[in-house]
Amino acid sequence: MSTDGSDAPRRPKLAVWKFASCDGCQLSLLDCEDELLDVVGAVEIAYFLEATRATVPGPYDVSLVEGSITTAHDLKRLQKIRRQSKVLVTIGACATSGGIQALKSMADTEDYIRAVYARPDFIKTLDTSTPIAHHVPVDVELRGCPIDRGQLLHVLTALIQGRQPRLPNYSQCVECKRAGTVCVMVAKGEPCLGPVTQAGCGNLCPRVGRGCYGCFGPAEGVNTRALAGHLRAGPAQGGSGLDGPATRHLFHTFNANAPGFREEGQRHG
Amino acid sequence: MTGEAHQHSGMTNGAAPGLVCLTDDGLAALFAVLREAGCEVIGPTVRDGAIVLAPLTSVDDLPRGWRDRQDAGHYRLAPGTGPARFAHAVPAQGWKRFVHPPEARLWTARRDSDGDLSIEGPEAPPAPRAFLGVRPCDLAALGVLDGVFADPGAAHHDPAYALRRRDALVIAVSCGKPAASCFCAAMGTGPAAGDTGADVALTELVEGDRAVYLARAGSPAGAALLEAVPHTPATDDHHTARRAQADAAAAAQVRALPEAASRILADATEHAHWADVAARCLACGSCTLSCPTCFCATVEDSTSLDGATATRTRRWSSCFTEVFSYIHGGAVREERGARYRQWITHKLSSWHAQFGTSGCVGCGRCITWCPVGIDITAEVAALAADRPIRNRRAPARLRPQHTGPRRRKDDPPA
Ligand code: SF4
Ligand code: SF4
Ligand code: SF4
Ligand code: SF4
């Protein structure tokens, strides 16, 4: 897309927003070292505090939203961002499922606050940590803790070129088999959430011999109960011999609040 | 081996000359001849706790002494001390990744600054390769894939596949130690490599503390290769030992598919058993992607950020994914049971009508590499017996009843 000449198409305005999160996902954008200059050439970075303090007012063509909603104030801010954004893309496990902080949705928030803060009365927070899509319509969802920068570039490219992004919703096992990775569950008895986890990370964990811990959240059509039953079965039955708490911990990490993972974890006290 | 002879390799079946015997040194010499001819040699080797197929640099890379144990959802390797290099059953992957790669560029289009388009076709075929240690079931699987892709008249003819096949010299090795997951004997594809399909067919025999290799050429290229390495004629004892090994390996197999499998599946389109499968199956796709004959792929387009380059890429897909049956308005096969039915019915039944053979060669990979140990032979038996089966691994207490975030039509009641 050319940027010189007055009749050249306008560069799309990109904004990057942050809610309750660790910043890791937005940093994936800065991590696109080889492609960063191309990205900056193709879009106008209108709002991205991690990269520059200079900001341009909305409306924005594309908003990348990181983080979950944990305060009433954040909810208002999100609604304003949605009104100003043509396309809203959620990035990362926090934005797409509520993140690891969603564990608080299953506990007593007051207890946590008293345990952590010297002055609990200063803290104003909701009892839940919820994904962006619970509050406003989301156009594209990028999973992962953190997101995969290849997928981020793919989505930005598709949006700039006016194409539909193509993100897989099938299992991590598909990536394992394409890569020729030896299945850690079958060959080592390692617990692996890959069969119920959405592909897209590029097969990071099984490739280095460890089970997937589900940071991309549930795949489409998952059968968490069958997998959990198998993980809990003893080695003599071909399982991994996990006990209840270990099984719950496996499902209740970065995507503890994701449909499927939430209920499965809760079944294993 | 001459360049000319090599051109006839892979898919040509010449007359089968006599059986000859190679020593350990003969096998090493064979390897050296292949390397000198510029062949990349691909074969079984140990990696990440399994026997995998990968480029080899010498016969020392072969899994000497290693034994594998394979069963439903279970694979373990055990080191041994024996001299045998092929005392294992099928490796974790089939050969399809070398002839029908998991990811292949179909074309790239470039628009230059004047707006002119130039188009580049598929990636160039790799340098000639030798597939060493192809198990008989996998040899049959290459034949099945040939029926799909290599025939110039076929509906799915793939010229890039045909080139990769033409340039691959196939050295099959009969199986002496089948795994519990194997059922090639029932499918008529093993455990002994037949006289056709391979350029060279080997049988490994252990004689005391050394291994010898009985070899038979199946093509002019194979004959030229054997000519180029030191060998002696096989003795009567060799012939006897070879037959005995094949008989024992067939007798050792514990799984089978009935001959009527095709009919059983054709009659089972509406069957209560699919709900039983749906409760156990993860729809992960490991079975299809491990299967040496499952060929399904999807085609994906991508562009560069500036839109000047567009690439179309083909990637392995699976009938266990939702997108696989996605047409305007939604997926045809939403339920896991429907996806399993689609897979097993195509494999064992409609494949016959489509390609004139079964889509299953009895390698057992779908059984071994299913993370929860779903067993194609047990499912056919259950369909034939008209009753649901029990999960063979999970104890009844943990057996899945119904699962997943969404309730599915074909799940049994919770
Ligand atoms: S390692 Fe995990 S993700 Fe990979 S195939 Fe096995 S179960 Fe699936
Ligand atoms: S393998 Fe699983 S846990 Fe590891 S990066 Fe990928 S999705 Fe995340
Ligand atoms: S269906 Fe299973 S046993 Fe048959 S060829 Fe495929 S992976 Fe092997
Ligand atoms: S049968 Fe096994 S390997 Fe195949 S999709 Fe179902 S769970 Fe995965």
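As the structure is a prediction and not an experimental result, all values here were calculated from the model.

### Brief notes about the overall build of chain B
Regarding its fold elements, chain B presents 14 helices and 16 strands. Looking at the 414 residues of chain B, the share that counts as buried comes to 57%. Considering only intrachain contacts with a sequence separation of at least 6, the fraction spanning at least 24 residues in chain B is 70%.

### A short note on the confidence of the model for chain A
The share of residues in chain A with pLDDT of 70 or more is 97%, and the mean pLDDT across the chain is 92. The model gives residues 1-6 of chain A a pLDDT under 50, and that stretch makes 11 contacts with residues more than four places away or in other chains.

### Digging into the sheet that holds strand S9 (residues 168-173) of chain B
All names here are of chain B. Taken in spatial order, the eight strands of this open sheet run S3-S2-S8-S9-S10-S11-S1-S12, and their pairing is mixed. Strands with a single pairing partner mark the edges of an open sheet, and in this sheet they are strand S3 (50-55) and strand S12 (232-233). Bridge count between strand S8 (residues 129-134) and S9: five bridges; the pairing is parallel. Bridge pairing in S9 places Val134 opposite Ala172. The strands that helix H7 (residues 220-227) touches are strand S1 (20-22), S9, strand S10 (200-207) and strand S11 (210-217); relative to S11, the one it contacts most, it runs at about 140 degrees.

### What about the interface of chain A and chain B?
The interface of chain A with chain B comprises 46 residues on the first partner and 55 residues on the second. For the pair chain A and chain B, the two sides together bury roughly 3,900 Å², of which 57% comes from carbon and sulfur. Among the residues of chain A in contact with chain B, Lys177, Arg178 and Val186 of chain A are the three that bury the most area, contributing 18% of the side total. Residue Arg166 of chain A pairs with Glu300 of chain B through a salt bridge whose shortest N-O separation is 3.5 Å.

### What to know about the UniProt feature "domain: NADH:ubiquinone oxidoreductase-like 20kDa subunit" (unreviewed entry) in chain A
Following the UniProt record, the feature "domain: NADH:ubiquinone oxidoreductase-like 20kDa subunit" (unreviewed entry) maps to residues 22-159 of chain A here. Strand forms 15% of residues 22-159 of chain A and helix 39%; the C-alpha atoms that close the span are 25 Å apart.

### Regarding the domain arrangement of chain B
Residue and element names in this part refer to chain B. Considered domain by domain, chain B is made up of domain 1 (3-251) and domain 2 (261-385). A C-alpha centroid distance of 26 Å is found between domain 1 and domain 2. Facing the 43 residues of domain 1 at the interface are 37 residues of domain 2. Carbon and sulfur atoms make up 60% of the surface buried where domain 1 meets domain 2, a total of about 3,300 Å² over both sides. Broken down residue by residue, the surface that domain 1 buries against domain 2 is led by Lys96, Trp107 and Phe183, which jointly contribute 18%. Taken together, the links from domain 1 to domain 2 amount to three salt bridges. Residue Asp138 is joined to Arg365 by a salt bridge in which the shortest nitrogen-to-oxygen separation is 2.7 Å. Sorting the residues of the side of domain 1 that touches domain 2 by element identifies strand S4 (67-71), strand S5 (74-78), helix H3 (96-99), strand S6 (103-111), helix H4 (136-149) and helix H6 (184-187) as the ones contributing at least two each.

### Details of the site of ligand 2
Around ligand 2 lies a shell formed by Thr197, Cys201, Leu204, Cys205, Pro206, Cys212, Tyr213, Gly214, Cys215 and Phe216 of chain A. Among the residues forming the shell around ligand 2, the class breakdown is eight nonpolar, two polar and no charged.

### Observations regarding empty space enclosed by the protein
Within this structure, the stated rule accounts for 10 cavities of 30 Å³ or more. Here the largest cavity defines a volume of roughly 130 Å³. Broken down by secondary-structure element, the contributors of at least two residues to the lining of the largest cavity are helix H7 (172-179) of chain A together with H3 and helix H11 (286-290) of chain B. Looking at the lining of the largest cavity, its residues break down into seven nonpolar, five polar and three charged. The space that makes up the second largest cavity amounts to roughly 100 Å³. Lining the second largest cavity are 14 residues, and of these Cys281, Cys287, Tyr340, Cys370 and Ile374 of chain B lie nearest its centre.

### Notes on the site of ligand 4
All names here are of chain B. Taken together, 13 residues surround ligand 4, and among them Cys281, Leu282, Cys284, Cys287 and Cys370 come closest. Mapping ligand 4 onto the cavity grids shows that it belongs to the second largest cavity. In the shell around ligand 4, the residues fall into 11 nonpolar, two polar and no charged.

### Comments concerning the domain arrangement of chain A
All names here are of chain A. Assigned domains of chain A: these are domain 1 (13-160) and domain 2 (172-267). Each of domain 1 and domain 2 has a C-alpha centre, and the two are 26 Å apart. Listed as interface residues are 15 residues of domain 1 and, on the opposing side, 17 residues of domain 2. Between domain 1 and domain 2, a total of about 1,200 Å² is buried, with carbon and sulfur atoms accounting for 57% of that surface. In this assembly, domain 1 and domain 2 are joined by zero salt bridges. For the pair domain 1 and domain 2, the interface holds four residue pairs in polar contact (both at pLDDT 80 or more). A per-class count over the side of domain 1 that touches domain 2 returns eight nonpolar, five polar and two charged.

Reading guide: rules and limits
- Residues numbered from 1 in each chain as written.
- Chains lettered and ligands numbered in written order.
- Predicted model: local features only at pLDDT ≥ 70, side-chain atom pairs only at ≥ 80, totals over all residues.
- Heavy atoms only, no water.
- Helix = DSSP H or I, 4+ residues; strand = E, 2+ residues; numbered from the N terminus.
- Buried < 20%, exposed > 50% of the residue type's maximum accessible area, 1.4 Å probe, protein only.
- Contact = heavy atoms within 4.5 Å.
- pLDDT = per-residue confidence, 0-100.
- Pairing = 2+ DSSP bridges.
- Axes fitted to C-alpha atoms, helices over the stretch in contact; angles between N-to-C directions.
- Buried area = accessible area lost by both parts, 1.4 Å probe.
- Salt bridge = Lys/Arg side-chain N within 4 Å of Asp/Glu carboxyl O.
- UniProt positions renumbered as here; feature names shortened; annotations may be inferred.
- Domains from an automatic or database assignment.
- Near = heavy atom within 4 Å.
- Nonpolar A, V, L, I, M, F, W, Y, C, P; charged D, E, K, R; others polar.
- 1 Å grid on protein atoms, 1.4 Å probe; cavity = no way out; pocket = protein on both sides within 12 Å on 5 of 7 lines; lining within 4 Å.
- Points joined across faces, edges and corners; volume = space filled by probe spheres on them.
- Sits in = over half its atoms within 2 Å of the grid points.
- Polar contact = N/O pair within 3.5 Å; in protein donor to acceptor, adjacent residues only side chain to side chain.

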